[in-house]
There are 2 protein chains.
Amino acid sequence: MKQLTPAEESYLKVIYHISEGGKRSVSTNDISFKMKTKPASVSDMLRRLGEKEVIEYRKYYGVNITETGKKLALQTIRKHRLWEVFLVEKLRFSWDEVHEVADELEHIRSKLLIQRLDEYLGFPKFDPHGDPIPDEFGDVRARPRVALSDLEVNTTGQIVAVKDSSAAFLRYLDKVGAYIGARIKLLEKVEFDGSVEILVDNKKTIFMSKDVAGNVLVML
Amino acid sequence: MKQLTPAEESYLKVIYHISEGGKRSVSTNDISFKMKTKPASVSDMLRRLGEKEVIEYRKYYGVNITETGKKLALQTIRKHRLWEVFLVEKLRFSWDEVHEVADELEHIRSKLLIQRLDEYLGFPKFDPHGDPIPDEFGDVRARPRVALSDLEVNTTGQIVAVKDSSAAFLRYLDKVGAYIGARIKLLEKVEFDGSVEILVDNKKTIFMSKDVAGNVLVML
DNA sequence: TAACTTTTTTAGACAAATCAAAAAATAATT
DNA sequence: AATTATTTTTTGATTTGTCTAAAAAAGTTA
């Protein structure tokens, strides 16, 4: 099985993420949007990825990732998330500063490097956004999660991840004090606009729009 | 001033290293040898580097690095050596395992990353081979050095660097116990073949061929 | 100096990754 | 169903980095 180029790895990762997001078949436009490249470039790349048999590509009907492709994508995701842990825990990067750099670091090809990095970081199971880090075989220990907006009134939980991890969103969360790991309780849900009132760490009460709450994942 | 691509950075680094090695003008063949590419590819790259004004390129007469080029090369070298320190000190890599990986890591472009890495490593001044790490302005604090083979009998010194840092050479040094930082004393010099007998850390006596001793640098 | 050797460059090709513009296929709407 | 709109692919170009084979320049030697 041939190796993937860095660009191919990036595309495959994006395809994996989109297809995990519930949709069955991933469209060219979706990929183009996430990759910030033109649809024409995507078509070209899909042909190549199809030839390497990491995706199943039927023209005009989008793509499905193969088992091989999934394995490879998870390897890249593993590397990406380990580097994120490194950047945040060791180099004091903030949540929203890690993405770009990790996108570059994830393509460094050295098995030993990743093994040692993993060990050095104490075999972390989650990245700074709370997303799980696949093991070297691509297995993920997933925890059950629910969007904060779907929580019932008076239930408690712990913030474990965010869906939207854009810089602006992460900054906003940090500002209001809703960090990963925070124990929260849903105090009230406003029917009118779907916004919520939550208690953070039994100390602070904060309000969140439905939009924001929908992007915060909670473990019960 | 335009940015350099990773490949351009690598070529420039090699050109810098060769031109520091005493020679005035760097030849296409020298570069081709170090880069493991064909002379034709080198000619092509030299044209591009010339256009970006990081080297002065006169066809058929080799190249000289410009001041701008020197600055850029030193930045790459700084990154390379910082990563080497990281790999050896934090991830327990051995001397001879760091090169390839550092050659990839050195191209990651993030100023913050390098600043923080530097800080995290405690602002090291030398890499694991004893070579000095340029500061962020490209300044190097160089120490006076001499090849072990040029040392006078009965003088003492400290091993601070190696010229040849090939995997085989580094392994050999490690094996005989001549590590970077070792305090040594030259006990005897054999006129016949130029080999030397040295005392390491006042404990162990070892022999070295002229060839090996010529590649070990000592600070008096 | 003339002939030979070595080094370097040029010319032409190719793969990867991108784009813009045009064409084709699919989807939506009247 | 026919037309319109959207999505996707194709075509042709460009840049980067590499190669082989051929040509040109420089260096060496008889």
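The coordinates are above.
Residues numbered from 1 in each chain as written. Chains lettered and ligands numbered in written order. Predicted model: local features only at pLDDT ≥ 70, side-chain atom pairs only at ≥ 80, totals over all residues. Heavy atoms only, no water.

> Help me understand the protein's contact with DNA strand D in this model?
Close to DNA strand D lie 22 residues; A:S43, A:Y57, A:K59, B:T5 and B:S41 are nearest. The contact atoms of DNA strand D, taken as those within 4 Å of the protein, divide so that sugar and phosphate hold 76%. In the model, a phosphate oxygen of DNA strand D is placed 3.0 Å from a nitrogen or oxygen of the A:Y60 main chain. The separation between a phosphate oxygen of DNA strand D and a polar side-chain atom of B:Y11 is 3.3 Å. Those elements that place two or more of their residues in the surface near DNA strand D are α2 (28–35) and α3 (39–51) of chain A together with α1 (6–20) and α3 (39–51) of chain B. (Near = heavy atom within 4 Å. Polar contact = N/O pair within 3.5 Å; in protein donor to acceptor, adjacent residues only side chain to side chain. Helix = DSSP H or I, 4+ residues; strand = E, 2+ residues; numbered from the N terminus.)

> Honestly, the sheet that holds strand β7 (residues 204–208) of chain A in this entry has me stumped. Any pointers?
By definition, the strands of a sheet pair up through backbone hydrogen bonds, in either a parallel or an antiparallel sense. Residues and elements named next belong to chain A. The antiparallel open sheet is built from 6 strands, whose spatial order is β3-β8-β4-β5-β6-β7. Either end of the sheet is taken by a strand with one partner, and the two such strands are β3 (146–147) and β7. Bridging between β3 and strand β8 (residues 216–219) involves 2 bridges; their strand directions are antiparallel. Each residue of the ladder has a partner; that of A147, found in β8, is L217. Across the face of the sheet, helix α7 (residues 167–176) comes into contact with β4 (156–162), β7 and β8 while running at roughly 150° to β7. (Pairing = 2+ DSSP bridges. Contact = heavy atoms within 4.5 Å. Axes fitted to C-alpha atoms, helices over the stretch in contact; angles between N-to-C directions.)

> How should I be thinking about the relation of the copies chain B and chain A in this particular structure?
Each copy of the sequence occupies a distinct position, and chain B is placed on chain A by a rotation of 180° and an axial shift of 0.0 Å, giving an RMSD of 0.1 Å. Expressed as an axis order, the relation between the two copies is that of a two-fold axis. Every residue of chain B has its C-alpha some distance from the rotation axis, and the shortest such distance is that of B:L105, at 3.8 Å. Counting the interface residues of chain B, we find that 100% of their copies in chain A are interface residues as well, pointing to one common contact surface. (Least-squares fit on C-alpha atoms with pLDDT ≥ 70 in both.)

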